[in-house]
Amino acid sequence: MRDCRAARMPRSLTRLWLGLLLAATVSTANAADIKIASVAPDGSRWMQQMRAGAEEVNTRTAGRVTIKFYPGGVMGNDAQVLRKIRIGQLQGGAFTAGGLAERYGGLNLYGIPLLFRSLEEIDAVRAQFDPEIAAGLEGAGFVTFGFIEGGFANLLSNEPISSVEDMRRKKVWVPEGDAISFLAMETLGLSPAVLPVTDVLTGLQTGLIEIAFASPVAALVLQWHTKVKYLTDLPVSYSMGIFAIEKGAFEELSAEDRQVVREVMGRYIQGLDREARDDNRKAAEVLARSGLQTVSVNDADVDGWRATMQSIHPQLRQRPDIDAAMFDRMLAVLAEYRRTNP
Amino acid sequence: MPAYLLLLDGLISESPDNVALLSAGAQLFALYGSRFAPPERAVTLTAKARRYGERAICLAHEPACSWPGTDYDTLVAQLQAVGARDLDALYSHAVSWLSHLDATSEDWTAVAELPWVQAVLERALALDETYENGALHGYLGILNSLRPPALGGKPDVAREHFERAIVLSGGRDLSIKVEYARRYARLVFDQELHDRLLTEVLDAPVDAPRMTLFNVLARQEAQSLLASSREYF
């Protein structure tokens, strides 16, 4: 409908030509095309906001910086996008934390299973570590303007799951390429089944997996709510999205333009980060209304799960995709937060 | 068209159990609400369409009265019992529901309910794929291209539906090609297909029985999509 309204607007050929001429003049003056890939479909809130940001950047840099998007995953998954960035076909992308963690081990920390107990804890930790992780990523060759909350994943299943015991002998999904979750499941004595995200729906249908996990928003978008009956109210792991541009390409911009891109894209990303929480809250309500039953875990059980997960922390510290020093400081901040907010 | 809506409203309130009237009301309110009404009226009008549609299928096929709020697998199983005799009501139910979800697409409930509507459309398609000149294929083409493959979308299935919809409409329904370009070709970044479809729309005659108005609208949309093609791809 929007396109339709636009088509009805009168068009002046002269103005169009003038526009083209202006564009041509501008493009000779050090214009830069920044090509960004994203899995988010065109028309989604993410893409609407990213495009609005790109438009503002373009206007405020007088056309010197054009950000062009390849939405809907047409450029492939995180690994494929990274390859295309390496050969200069793309300059950036919207990544998952895990997708960029091979470049920088700070990115995996927020996603360590059962590390956080509440969104308040996340906020306390992110306020302190977001800038540091962004700086670390920049040191590793990617400029980011902030992180966008994906939210806490909950367990989704067809039998109520309220303890680790309930999960035994069940086939638990682990996302393809997610070595940390795999390690966590094994440590809990569970039998993980590795599948790409796109095969989970069929997996749940055929019984190849019996337990999956996702944030409320992801569960709805991926339509997993059609194949599960229970949602366990336990924040299993935290996820976030990262909008990042390859540093070399970013530094080709003038200092003034870089400042504009940082300010504008940072503002839009912050907006999306904030909206995400509300989205997940609403999506959780919708899931409950659509018939999913919420299962609570008892405190003693949760403590047991957490203690087991802590036993893998030494192994995590050894991993090249975990920044061990930062991990230790994060645990200290968490402990302090818990002490002052019992 | 508002006059027809009023007329239908009146007729339905006189015969509230008339399936044919309810089906017609569901379709007309859905159409008007989603294509012609100002955005602030779209939600109310399509909600009414949906109520008419739910009532139509409930009267035509009794087990359908318990469909609202039912779980997905149960719905899919129960749909198998709907026969071709009730296709009008089933189709009205699906398109009116879809129009309401479209009008409330900012709401997560709309995202949540899409698989349910899709199941209804798929059953209708199984009953008669040629219904309304292939419109069911058109809707299923759109639904299958809403999400990229990485998020569970099925562009290949979408393409087959769109292609079939074009064949079944004899190429006369131009809005199918516009949606094919807008949804599928943009999703998979196929500029050649995108531009070819839209050029065909611009070159085609708009006159076709019961389709002229929509074909005129489709041409306007095609023009605008084509104009933004270079920027998008």
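What you see is a predicted model, and the numbers here were worked out from it, not measured in a lab.

### So, the overall build of chain A
Phase 1: Scanning chain A from N- to C-terminus turns up 15 helices and nine strands.
Phase 2: Radius of gyration (C-alpha) of chain A: 22 Å, near the 20 Å computed for a compact globule of 342 residues.
Phase 3: Each principal axis of the C-alpha distribution contributes one length, and for chain A these read about 70 × 45 × 40 Å.
Phase 4: Expressed as a percentage of the 342 residues in chain A, the buried residues total 49%.
Phase 5: For chain A, the proportion of contacts with a sequence separation of at least 24, taken over those separated by at least 6, is 76%.
Phase 6: In the form shown here, chain A has an accessible surface area of approximately 15,900 Å², with 53% of it arising from carbon and sulfur atoms.
Phase 7: Between the averaged position of the 38 positive side-chain charges in chain A and that of its 41 negative side-chain charges there is a distance of 6 Å.

### Some details on the interface of chain B and chain A
Phase 1: Listed per partner, the contact involves 33 residues of chain B and 30 residues of chain A.
Phase 2: Buried surface at the junction of chain B and chain A, both sides included, amounts to about 2,700 Å², of which 62% is carbon and sulfur.
Phase 3: On inspection of chain B and its partner chain A, the count reaches one salt bridge.
Phase 4: The closest approach of N and O atoms between aspartate 73 of chain B and lysine 227 of chain A, which form a salt bridge, is 2.7 Å.
Phase 5: On the surface where chain B and chain A come into contact, there are nine residue pairs in polar contact (both at pLDDT 80 or more).
Phase 6: Looking at the side of chain B that touches chain A, the elements that each hand over two or more residues are helix H2 (19-36), helix H4 (72-79), helix H6 (108-127), helix H9 (174-187), helix H11 (212-227) and helix H12 (229-232) of chain B.

### Some remarks on the pattern of salt bridges
Phase 1: Across all of its chains, the model carries 36 salt bridges over all chains by this definition.
Phase 2: Close ionic contact of arginine 281 of chain A with aspartate 278 of chain A constitutes a salt bridge, the shortest N to O distance being 2.5 Å. Here the residue arginine 281 of chain A and the residue aspartate 278 of chain A both occupy positions in helix H12 (residues 255-289), the gap between them amounting to three residues, near one helical turn.
Phase 3: What makes aspartate 278 of chain A partly exposed here is its relative accessible area of 30%.
Phase 4: As a salt-bridge pair, arginine 50 of chain B and glutamate 113 of chain B come within 3.2 Å of each other at their nearest N and O atoms. Here the residue arginine 50 of chain B occupies a position in helix H3 (residues 39-60), and glutamate 113 of chain B occupies one in helix H6, the gap between them amounting to 63 residues. The exposure classification of arginine 50 of chain B matches that of glutamate 113 of chain B, with both residues buried.
Phase 5: Here the residues in one salt-bridge network are Arg35, Glu179, Arg182, Arg183 and Glu221 of chain B, joined through shared partners.

### A look at the pairing of strand S4 (residues 142-157) of chain A
The two faces of a sheet get side chains in turn, since along a regular strand they alternate between them.
All names here are of chain A.
Phase 1: The buried count for S4 comes to 15 of 16 residues, which makes it a mostly enclosed element.
Phase 2: The pairing of S4 with strand S8 (residues 230-246) spans twelve bridges and is antiparallel. If you follow serine 157 over to S8, its bridge partner there is tyrosine 230.
Phase 3: Note: S4 against strand S7 (residues 211-214), four bridges, orientation antiparallel. The partner of leucine 156 across the bridge, within S7, is alanine 212.

### A word on the confidence of the model for chain B
Phase 1: For chain B, per-residue confidence averages 94 on the pLDDT scale, and residues scoring 70 or more make up 100% of the total.
Phase 2: Quick note on the complex model: pTM equals 0.89, ipTM equals 0.91.

### As for the state of the cysteines
All names here are of chain B.
Phase 1: Tallied over the full model, the rule gives one disulfide over all chains.
Phase 2: Covalently, cysteine 58 is tied to cysteine 65 through a disulfide, its sulfur atoms 2.0 Å apart. With the S-S bond torsion at 95 degrees, the cross-link from cysteine 58 to cysteine 65 turns out right-handed.
Phase 3: Given a relative accessible area of 23%, cysteine 58 falls into the partly exposed group.

### Description of the nonpolar core
As a rule of thumb, soluble globular proteins bury nonpolar side chains together.
Phase 1: Counting residues in hydrophobic clusters, the biggest one holds 87 residues, and the most contacted among them are Leu100, Leu107, Tyr110, Trp224 and Ile242 of chain A.
Phase 2: Here this core takes seven residues from S8 of chain A, the largest share from any one element.
Phase 3: Leucine 107 of chain A has contacts with Ala97, Leu100, Ala101, Ile133, Leu137, Phe147, Met240 and Ile242 of chain A, leaving out every residue within four places of it along the chain.
Phase 4: In terms of nonpolar packing, the next biggest core, distinct from the first, is built from 45 residues, Leu5, Ala30, Leu98 and Tyr131 of chain B among them.

### Side note on the packing of aromatic side chains
Two aromatic rings are characterised by how far apart their centres lie and by the angle between their planes.
Phase 1: Enumeration over the complete set of coordinates arrives at 19 aromatic pairs over all chains.
Phase 2: Their ring planes at 70 degrees and their centres at 6.5 Å tell us that tyrosine 110 of chain A and phenylalanine 116 of chain A sit as a pair that is edge-to-face.
Phase 3: In this structure tyrosine 110 of chain A comes out as buried when scored by relative accessible area, which is 1%.
Phase 4: On the basis of relative accessible area, phenylalanine 116 of chain A is assigned to the buried category, the value being 1%.
Phase 5: Look at phenylalanine 145 of chain A and phenylalanine 250 of chain A: their rings are 5.7 Å apart centre to centre, the planes differ by 55 degrees, and that puts the pair in the tilted class. Placement of phenylalanine 145 of chain A in strand S4 and of phenylalanine 250 of chain A in helix H11 (residues 247-251) is noted, with a sequence separation of 105 residues between them. When sorted by exposure, phenylalanine 145 of chain A lands in the same class as phenylalanine 250 of chain A, which is buried.
Phase 6: The ring centre of tyrosine 232 of chain B lies 4.6 Å from the NZ or CZ of arginine 186 of chain B, which sits over that ring.

### Some words on the pairing of strand S5 (residues 171-175) of chain A
All names here are of chain A.
Phase 1: Extensive coverage of S5 is indicated by the burial of four of its five residues.
Phase 2: Direction of pairing for S5 relative to strand S6 (residues 191-195): parallel, over a ladder of five bridges. By the bridge assignment, tryptophan 173 is partnered in S6 with alanine 193.
Phase 3: Once you follow S5 into helix H8 (residues 179-187) and on to S6, the crossover reads as right-handed.

### Some thoughts on H9 of chain B
Residue and element names in this part refer to chain B.
Phase 1: Between its first and last C-alpha atoms H9 spans 19 Å; for 14 residues at 1.5 Å apiece the expected length is 20 Å, and the two agree.
Phase 2: Within H9, twelve of the 14 residues are buried, which leaves the element mostly enclosed by the surrounding structure.
Phase 3: Of the residues trailing H9, phenylalanine 189 is marked for its positive phi of about 60 degrees.

### Side note on the side chain of asparagine 280 of chain A
Residue and element names in this part refer to chain A.
Phase 1: Relative to the elements of secondary structure, asparagine 280 occurs in helix H12.
Phase 2: Looking at asparagine 280, the relative accessible area reads 10%, which means it is buried.
Phase 3: The contact partners of asparagine 280, leaving out residues within four places of it in the chain, are Gly150, Gly151, Ser215, Pro216 and Val217.

### Quick notes on helix H15 (residues 324-340) of chain A
Residues and elements named next belong to chain A.
Phase 1: The first and last C-alpha atoms of H15 sit 25 Å apart over 17 residues, in line with the 24 Å expected at 1.5 Å per residue.
Phase 2: Every buried residue of H15 is listed here: Met326, Phe327, Met330, Val333 and Leu334. On an axial view of H15, the arc spanned by its buried residues comes to 120 degrees, and they lie on one face. In H15, the exposed positions that point more than 90 degrees away from the buried face belong to Ala325 and Arg339.
Phase 3: Looking at the buried residues of H15, the elements they touch are helix H6 (119-139) and helix H14 (313-318).

Procedures and definitions
Residues numbered from 1 in each chain as written. Chains lettered and ligands numbered in written order. Predicted model: local features only at pLDDT ≥ 70, side-chain atom pairs only at ≥ 80, totals over all residues. Heavy atoms only, no water. Helix = DSSP H or I, 4+ residues; strand = E, 2+ residues; numbered from the N terminus. Rg over C-alpha atoms; globule rule 2.2 N^0.38 Å. Buried < 20%, exposed > 50% of the residue type's maximum accessible area, 1.4 Å probe, protein only. Contact = heavy atoms within 4.5 Å. Areas by Shrake-Rupley, 256 points an atom, 1.4 Å probe, with all protein chains shown as cover. Lys, Arg positive; Asp, Glu negative; His and termini not counted. Charge placed at Lys NZ, Arg CZ, Asp CG, Glu CD. Buried area = accessible area lost by both parts, 1.4 Å probe. Salt bridge = Lys/Arg side-chain N within 4 Å of Asp/Glu carboxyl O. Polar contact = N/O pair within 3.5 Å; in protein donor to acceptor, adjacent residues only side chain to side chain. Pairing = 2+ DSSP bridges. pLDDT = per-residue confidence, 0-100. Disulfide = S-S within 2.5 Å. Core = buried A, V, L, I, M, F, W, Y, C linked by side-chain atoms within 4.5 Å. Phe/Tyr/Trp six-rings, centres within 6.5 Å; stacked < 30°, edge-to-face > 60°. Lys NZ or Arg CZ within 6 Å of the ring centre and 35° of its normal. Right-handed = clockwise from strand over helix to strand, strands pointing away. Expected span 1.5 Å × (residues − 1). Arc of directions from axis to C-beta.

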